[in-house]
There are 2 protein chains.
Amino acid sequence: MQAAAAVHRPHLLAPSPLRGRTRRPSTVRMALREDGPSVAIVGATGAVGQEFLRVIAARDFPYRSLRLLASERSAGKRIAFEDREYTVEDLAAPGVFEGIDIALFSAGGGVSRTHARTAVASGAVVVDNSSAFRMDPEVPLVIPEVNPEAMANVRLGKGAIVANPNCSTIICLMAVTPLHRQAKVLRMVVSTYQAASGAGAAAMEELKLQTQEVLAGKAPTCNIFSQQYAFNIFSHNAPILENGYNEEEMKLVKETRKIWNDKDVRVTATCIRVPTMRAHGESVNLQFEKPLDEDTAREILRAAPGLTISDDRASNRFPTPLEVSDKDEVSVGRIRQDLSQEDNRGLDIFVCGDQIRKGAALNAVQIAEMLLK
Amino acid sequence: MQAAAAVHRPHLLAPSPLRGRTRRPSTVRMALREDGPSVAIVGATGAVGQEFLRVIAARDFPYRSLRLLASERSAGKRIAFEDREYTVEDLAAPGVFEGIDIALFSAGGGVSRTHARTAVASGAVVVDNSSAFRMDPEVPLVIPEVNPEAMANVRLGKGAIVANPNCSTIICLMAVTPLHRQAKVLRMVVSTYQAASGAGAAAMEELKLQTQEVLAGKAPTCNIFSQQYAFNIFSHNAPILENGYNEEEMKLVKETRKIWNDKDVRVTATCIRVPTMRAHGESVNLQFEKPLDEDTAREILRAAPGLTISDDRASNRFPTPLEVSDKDEVSVGRIRQDLSQEDNRGLDIFVCGDQIRKGAALNAVQIAEMLLK
Ligand SMILES: NC(=O)c1ccc[n+]([C@@H]2O[C@H](COP(=O)([O-])OP(=O)(O)OC[C@H]3O[C@@H](n4cnc5c(N)ncnc54)[C@H](OP(=O)(O)O)[C@@H]3O)[C@@H](O)[C@H]2O)c1
Ligand SMILES: NC(=O)c1ccc[n+]([C@@H]2O[C@H](COP(=O)([O-])OP(=O)(O)OC[C@H]3O[C@@H](n4cnc5c(N)ncnc54)[C@H](OP(=O)(O)O)[C@@H]3O)[C@@H](O)[C@H]2O)c1
């Protein structure tokens with residue numbers, strides 16, 4: 001209960017695209033790299049597509065040429081990036097993947113199903129952000145910090161698909177995998193707190209608009225979601241399956257098994273949307289085969305790549321979506337022995353991660369970086 | 001993904017006090033009841049206190065006289081209620097509990113600790129909304145639908161304290177107890193989605209103000225909470241204990257044991273604030289001793305008092321805080337067999353309840369009604 005208004009900066013939306021939000025703003029690259037791959041971004045005008053550009057700039061990802069693709073709606077649009085101007089091209093035009101080495105797809109499952117094989121046929125490695133190929137046994141499903149070995153056989157120049165896991169899965173497993181390696185997770189119960197951004201750029205706009213409308217006493221506009229989102233939460237809008245789980249929840253269940261290469265791990269999940277803009281939270285309860293005490297868990301997490309620990313009990317500071325927005329790292333906190341399990345065989349943790357960044361674009365660019373090694 | 005703006009009514013804040021939001025608005029009572037108890041409301045100007053008045057009116061709770069108490073800050077304020085005007089009195093004034101039969105306390109733990117015994121000494125039955133006496137072995141902790149027997153020995157005219165459980169506990173156990181009676185809960189994992197109202201009327205105002213500020217690009221005012229709440233979520237602001245749980249979480253752990261009179265039930269909880277106004281959501285994972293299939297569970301819940309089922313998989317409609325706001329019933333949905341447990345020994349459910357209503361004022365008034373029987 002502190003009064004500390006002055007130190008807080010407001011934060012609502014993702015930064016506007018390409019406003020120089022790179023990690024090293026002083027090193028703007030003035031030229032393309034002749035030895036880099038030629039890259040296509042499919043869905044370049046979307047929330048994830050725009051983040052691809054930011055991440056490529058921030059990480060100095062080398063590229064010989066860049067092609068920005070979207071639907072015919074956006075074809076012809078100009079996008080400035082790293083001192084050049086690009087014209088968005090229509091994905092449906094013939095030959096768009098000719099000469100492309102790496103195609104980063106983020107335009108929905110339908111688009112991936114229709115166009116990814118074409119890109120592969122012309123020799124590109126597709127890094128796909130949709131769910132289209134994730135459970136395909138031929139397609140590696142990769143979080144670089146977790147299972148890089150799964151894509152050992154993928155080579156630049158030989159067409160292939162690598163799938164990016166669902167954002168909730170990535171964020172969860174970034175924190176849980178190091179603990180799993182130590183004590184083996186037998187069962188995991190996940191409840192999510194998912195942001196608007198998971199449903200794309202238009203969903204973020206709708207949350208903002210609805211909030212303005214509700215504050216003004218007006219009826220909220222419901223185009224993307226079928227109900228009021230402002231000042232409300234609701235069960236994730238993914239379709240519900242026969243077993244009562246929604247598709248988002250089943251992704252956590254199935255993708256975890258595939259990524260860990262562990263058919264026996266038992267996972268249940270409840271996925272809920274909350275009125276935040278661009279980062280997800282997840283409350284994760286873990287049951288282990290071997291004992292794992294809280295202090296050891298904290299040490300393991302501290303040493304793990306891509307994680308930051310936010311676990312300050314004295315000042316009640318733990319991961320929040322706001323604090324991880326625009327950050328590469330997944331933040332983990334509320335690390336504690338689960339009282340409801342015996343012999344140090346359980347932990348509760350709370351994680352937050354920027355789901356457009358590590359949950360989508362960053363993870364995909366990291367996969368692309370592995371292809372260059 | 002429907003466009004249905006016109007059918008949605010905006011809903012943000014609790015209704016202004018006493019704007020006739022009774023269930024039977026046509027039966028405004030013109031006179032007090034000579035055979036009713038004399039009632040005092042401690043904390044009458046607060047979020048829960050104002051809800052007490054609404055609930056009393058809505059349920060036609062009989063009273064011979066009514067005394068509204070608060071701190072000296074509010075003493076002298078006028079409050080119109082059921083065709084009379086009351087003057088708020090200073091709780092610290094001498095003799096305020098003289099002649100009082102039932103005192104409904106909701107002014108914080110400190111106030112209850114200081115003043116409840118005085119009310120008891122003058123013969124009142126105190127129904128206390130704070131956490132001050134909940135774990136006192138002499139004090140019954142009661143949800144009328146769950147454990148009315150716990151207050152069997154409390155009689156009007158004989159001073160006593162009855163404690164109202166924490167709002168998260170009430171909302172959770174309203175749905176879980178009927179299942180527990182059938183199949184015995186061995187272990188329960190709860191993740192909460194808690195509204196601003198849980199921190200009082202000023203917290204709701206702060207969330208509204210912050211949201212306006214953030215939308216306008218201004219720094220959010222942080223007086224009640226120590227960080228930005230608008231478009232954010234954070235770990236519940238209750239103090240963190242030695243074991244890493246916060247006090248709110250430990251209430252769920254301990255109160256469940258006391259209310260069920262079951263020392264062995266294992267509970268873990270992660271309590272998170274989300275930017276909603278007045279109703280909590282809870283994701284609850286259950287492990288049972290006996291098998292319990294989903295259909296039987298649904299039937300049991302349908303027959304249970306004080307619950308409504310919102311579980312429409314086809315149209316993706318499940319409980320939301322908005323839909324339960326200003327409602328007596330706790331809403332339960334997402335009822336499904338937990339995939340991660342065998343032999344039908346697990347269920348996942350999602351519940352929402354108005355935590356000022358059933359989580360506080362309604363439950364307390366129901367306790368008071370039991371005293372009149
Ligand atoms: N949002 C996330 O955090 C997230 C995380 C992981 C994975 N993903 C996946 O990434 C994909 C896109 O998500 P998003 O959030 O970026 O969505 P978004 O903001 O709605 O953007 C969609 C993008 O796809 C393009 N597109 C749509 N239909 C197309 C078509 N028929 N042909 C070519 N391009 C088309 C759009 O181009 P126009 O401008 O022409 O419409 C736009 O560039 C989805 O598969 C999603 O599941 C998203
Ligand atoms: N909010 C909930 O949903 C909820 C649920 C369950 C239990 N509770 C419990 O109910 C209590 C009140 O919650 P709330 O949400 O109604 O808080 P609130 O909106 O902040 O109201 C607090 C009330 O307590 C009064 N008060 C404060 N200090 C006092 C003092 N020293 N002497 C006399 N009266 C005093 C205030 O009177 P003034 O106008 O004079 O300041 C006001 O009426 C707390 O113990 C809370 O834990 C709340």
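Every value quoted in this text rests on a predicted model; they were computed, and no experiment measured them.

Now for the relation of the copies chain B and chain A. Least-squares fitting of chain B to chain A yields an RMSD of 0.0 Å, with the transformation described by 0.0 Å of translation along the axis and a rotation of 180°. Those values place the two copies in the arrangement expected of a two-fold rotation axis.

The next thing to look at is the site of ligand 2. Residue and element names in this part refer to chain B. For ligand 2, the set of nearby residues contains 26 residues, the closest of which are Thr45, Ala47, Ser71, Ser74 and Gln355. A distance of 3.0 Å is found between an oxygen atom of ligand 2 and a backbone nitrogen or oxygen belonging to Gly43. Note that a nitrogen atom of ligand 2 is positioned 2.9 Å from one of the backbone N or O atoms of Ser197. Considered on its own, ligand 2 offers 880 Å² of accessible surface; in the complex 76% of this is hidden by protein.

Residue and element names in this part refer to chain A. The sites that UniProt annotates as "active site" (unreviewed entry) are Cys167 and His280. The greatest C-alpha distance among the annotated residues, which extend across 114 residues, is 8.5 Å, indicating that they converge on a single site. Of note, Cys167 is situated in helix H3 (residues 167-183). Given a relative accessible area of 11%, Cys167 falls into the buried group. Once you skip the residues sitting within four places of it in the chain, Cys167 turns out to touch Glu248, His280, Glu282, Gln355 and Gly359. One can find His280 in strand S12 (residues 279-288). Setting aside its immediate chain neighbours within four residues, His280 contacts Cys167, Ser168, Ile171, Tyr193, Gln194, Ala195, Gly198, Val351, Cys352, Gly353 and Gln355. At 3.4 Å, the side chain of His280 and the side chain of Gln194 are in polar contact.

Here the focus is the pattern of salt bridges. For the coordinates displayed, the defined rule picks out 48 salt bridges over all chains. Glu51 of chain A is the partner of Arg278 of chain A in a salt bridge, and the nearest nitrogen-oxygen pair spans 3.3 Å. With Arg278 of chain A in the loop between strand S11 (266-273) and S12 and Glu51 of chain A in helix H1 (residues 47-58), this residue pair connects regions lying 227 residues apart in the sequence. Summarising the burial analysis for this pair, Arg278 of chain A and Glu51 of chain A share the class buried. Between Asp101 of chain B and Arg64 of chain B there is a salt bridge, with the nearest N and O atoms lying 3.4 Å from each other. Residue Asp101 of chain B is found in the loop between strand S5 (89-90) and strand S6 (102-105), and its partner Arg64 of chain B is found in the loop between helix H1 (47-58) and strand S2 (65-70); the two are separated by 37 residues along the sequence. You can call Asp101 of chain B buried: its relative accessible area is 18%. The partly exposed category is assigned to Arg64 of chain B, whose relative accessible area is 33%. In this structure, a network of salt bridges that share partners links the residues Glu51, Arg54, Arg59, Arg278, Asp326, Asp328, Asp354, Arg357 and Glu369 of chain A.

The next subject is the packing of helix H3 (residues 167-183) of chain B against helix H6 (residues 294-303) of chain B. All names here are of chain B. Put simply, H3 and H6 touch, their axes get as near as 9 Å, and they point 120° apart. Taken as axis vectors, H3 and H6 run oblique relative to one another. With respect to the hand of their crossing, H3 and H6 are arranged in right-handed fashion. Two secondary-structure elements touch here, H3 through Ala175, Pro178, Leu179 and Gln182 and H6 through Thr296, Ala297, Ile300 and Leu301. The residue inventory of the contact of H3 with H6, partitioned by class, reads six nonpolar, two polar and no charged.

Turning to the interface of chain B and chain A, a few remarks are in order. On the side of chain A, 85 residues touch chain B, which itself brings 84 residues to the contact. Where chain B touches chain A, the interface holds six salt bridges. The shortest N-O distance in the salt bridge between Glu249 of chain A and Arg336 of chain B comes to 3.7 Å. Taken together, chain B and chain A are joined by 44 residue pairs in polar contact (both at pLDDT 80 or more). Top contributing element to the side of chain B that touches chain A by residue count: strand S11 (residues 266-273) of chain B, with seven residues. The class makeup of the residues in the side of chain B that touches chain A is 37 nonpolar, 32 polar and 15 charged.

How each quantity is defined
- Residues numbered from 1 in each chain as written.
- Chains lettered and ligands numbered in written order.
- Predicted model: local features only at pLDDT ≥ 70, side-chain atom pairs only at ≥ 80, totals over all residues.
- Heavy atoms only, no water.
- Least-squares fit on C-alpha atoms with pLDDT ≥ 70 in both.
- Near = heavy atom within 4 Å.
- Polar contact = N/O pair within 3.5 Å; in protein donor to acceptor, adjacent residues only side chain to side chain.
- Areas by Shrake-Rupley, 256 points an atom, 1.4 Å probe, with all protein chains shown as cover.
- UniProt positions renumbered as here; feature names shortened; annotations may be inferred.
- Helix = DSSP H or I, 4+ residues; strand = E, 2+ residues; numbered from the N terminus.
- Buried < 20%, exposed > 50% of the residue type's maximum accessible area, 1.4 Å probe, protein only.
- Contact = heavy atoms within 4.5 Å.
- Salt bridge = Lys/Arg side-chain N within 4 Å of Asp/Glu carboxyl O.
- Axes fitted to C-alpha atoms, helices over the stretch in contact; angles between N-to-C directions.
- Parallel < 35°, antiparallel > 145°, perpendicular 65-115°, else oblique.
- Left-handed = near helix turned anticlockwise from the far one by under 90°.
- Nonpolar A, V, L, I, M, F, W, Y, C, P; charged D, E, K, R; others polar.

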